[in-house]
Amino acid sequence: MTVYENIKKFSKLRGYSLQTTAEKAGLSKNIIYGYKNGKSPSLKTLKTLADVLGVSTNELLGKEAQNDSSQPKQADLSDDSTLFTYEGKPIDDEDKEIIRRLLRGK
């Protein structure tokens, strides 16, 4: 798959249009359509797009064997070595314990 096709695929999986993806990346709204004709994004742009879409740059380039990205990522809340975030902000240990208690029904 081309970079354009991969951006399109991952955007669709996230529920984004290509214009929305570009806007979330701080790019002009039609820039991704230029990649359809073989133009390649700069490394900085590629990294920004990968961050917005939650994938690696290698996945956008089609160089990495991909896990099924249509499946949501999974993490165990009891794993203290995992950094959990909400809206980009880390969830501290006290809040994680509150969430655990809520899930246990206590």
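Residues numbered from 1 in each chain as written. Predicted model: local features only at pLDDT ≥ 70, side-chain atom pairs only at ≥ 80, totals over all residues. Heavy atoms only, no water.

As a further point, take the side chain of Asn6. Assignment of secondary structure puts Asn6 in helix 1 (residues 3–14). Of the polar contacts made by the side chain of Asn6, one reaches the backbone oxygen of Glu59; its length is 3.5 Å. (Helix = DSSP H or I, 4+ residues; strand = E, 2+ residues; numbered from the N terminus. Polar contact = N/O pair within 3.5 Å; in protein donor to acceptor, adjacent residues only side chain to side chain.)

Now for the nonpolar core. Counting 16 residues, the largest nonpolar core has Ile7, Ile32, Tyr35, Leu49, Leu53, Val55 and Leu60 as the members making the most contacts within it. Every element with two or more residues in this core is listed here: helix 1, helix 2 (18–24) and helix 4 (43–53). (Core = buried A, V, L, I, M, F, W, Y, C linked by side-chain atoms within 4.5 Å. Buried < 20%, exposed > 50% of the residue type's maximum accessible area, 1.4 Å probe, protein only.)

What follows is about the side chain of Arg100. Among the secondary structure elements, Arg100 is positioned in helix 6 (residues 93–104). When its relative accessible area of 16% is taken as the criterion, Arg100 is described as buried. At 2.7 Å, the side chain of Arg100 and the backbone oxygen of Leu77 are in polar contact.

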